Amino acid sequence: MRSATITAMLALGTSIPVIGEIEAPGLQGALRGTMILPAQSAPMILIIPGSGPTDRDGNNPQGVKAAPYRLLAEGLGEQGIGSVRIDKRGMFGSHAAVEDPNAVTVDDYVQDAGVWIDVIRSRTGAGCVWLLGHSEGGLVALAAAERLENVCGVILVATAGRPLGEVLREQLLANPQIAPLMDAANHAIDELSVGRQVDASKIPPELAPLFGQAVQEFLISTFALDPADLAKNTSKPVLIMQGERDLQVSVADAKRLHEAAPHATPAILPDTNHVLKTVASHDRNENIATYFADNLPLAPGVVDAISRFVKRH
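Residues numbered from 1 in each chain as written. Predicted model: local features only at pLDDT ≥ 70, side-chain atom pairs only at ≥ 80, totals over all residues. Heavy atoms only, no water.

With respect to the side chain of Gln216
Definition in use: Helix numbers and strand numbers start at the N terminus; a helix is a DSSP run of H or I with at least 4 residues, a strand a run of E with at least 2. Counting of polar contacts relies on pairs of N or O atoms within 3.5 Å, with two restrictions inside protein: one atom must be capable of donating a hydrogen and the other of accepting it, and residues adjacent in sequence are counted only when both atoms are side-chain atoms. Residue contacts are counted whenever heavy atoms from the two residues lie within 4.5 Å of one another.
Here Gln216 is to be found in helix α8 (residues 216-223). A distance of 3.0 Å separates the side chain of Gln216 from the backbone oxygen of Phe211, its partner in a polar contact. Apart from the residues lying within four places of it in its own chain, the contact partners of Gln216 are Leu192, Gln197, Val198, Ile203 and Phe211.

In structure tokens:
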């Protein structure tokens, strides 16, 4: 179902749920996403994806099939909350928006969020739109809330509470295979964190996907931001949701965000990992296996916590 059909159904005042493709104008071509609209008066959430080639459902070409964004959107729809989940500029359905998906900064993603807010409001009549950012998407959501109008509030899901350079350093240190490369990794992170590019020819091949020349401007733009500072300056309602079994972002990050923004609502979920699935043990392999499984539901409490927060505000 194309966006024109969604508009026509809304004009007729239909009360049946609307699920379908929606478009927004990009630089060179359309940005695309999927809308779920339970009712014309439903609160609306823009779901901003995490890092790398993550699609609107929360999957990626490396085999991640957990689909946390699709399941979240469907669950929220059942509770009367609408959503638009999106493909980032230059990727997947939004591939025509720009030629190079790597030639991007946080400011570019904030600009796209503003375009999506305008489109969602025009399609649905919503007075404002909630921004839900997962992982790196939480940083974009915080930056967007600081700069854009018509934002209801921010929902941070598995969002780091420190500059992403620090988080990346910690993740690399946790991987024994990276140990021989940590000097090079530390050098790259240190340089990018102060706004200086790194000579790509001196980056070990194993680290090239992380620090290659094509992504360095984006890394500089993200490493320069402290999500705790952004949260502190946000006057909007904020929900901080964090799973206790998350291997990529810790409960300590959620606590740092909450300390910076004591007005925020924390939601710490037991036995919940980074892709919002249930993991009952400390076994790393069991945790990671959920990323590649396409038949697991969201962990209990994920949808309810977001639904309660949005409806309360």
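We are not done yet, so read on.
Some details on the sheet that holds strand β1 (residues 18-25)
To keep it simple, the criterion reads: Note on pairing: DSSP must find at least two bridges between two strands before they are called paired. Here, axes are lines fitted to C-alpha atoms. For helices the fit covers the stretch in contact, and angles between N-to-C directions go from 0 to 180 degrees.
On the basis of which strands lie adjacent, the open sheet formed by eight strands has the order β1-β2-β4-β3-β5-β6-β7-β8 and mixed pairing. Each of the sheet's edge strands pairs with one partner strand only, and the pair in question is β1 and β8 (265-269). Sheet twist, expressed as the average angle between the axes of neighbouring strands with direction ignored, equals 20 degrees. Pairing geometry for strand β3 (residues 44-48) and strand β4 (residues 82-86), over four bridges, is parallel. Note on β4: the bridge partner recorded for Ile47 is Arg85. Contacts from helix α2 (residues 68-78) reach β2 (30-37), β3, β4 and β5 (129-134), with the element oriented near 165 degrees to β4.

Digging into the environment of Arg147
Quick reminder of the rule: Throughout this description, buried means an accessible area under 20% of the type-specific maximum (1.4 Å probe, protein chains only), exposed means over 50%, and partly exposed covers the range between.
If you trace the backbone, Arg147 turns up in helix α4 (residues 136-147). Here Arg147 falls in the partly exposed class, since its relative accessible area comes to 39%. Along the sequence, Arg147 and Leu181 sit 34 residues apart, while their C-alpha atoms lie 38 Å from each other. Among residues more than four places away in sequence, those in contact with Arg147 are Asp107 and Val110.

Description of the pattern of salt bridges
This is how the line gets drawn: What makes a salt bridge here is a side-chain nitrogen of Lys or Arg within 4 Å of a carboxyl oxygen of Asp or Glu, nothing more.
If you walk through the whole model with that rule in mind, you get 14 salt bridges. Here Asp112 ties to Arg89 by a salt bridge, and the two come within 2.8 Å at their closest N and O atoms. A residue pair is termed long-range when its members are at least 10 positions apart, and Asp112 in helix α3 (residues 106-124) and Arg89 in the loop between β4 and α3 qualify at 23 residues. Here Asp112 and Arg89 have matching classes, each one buried.

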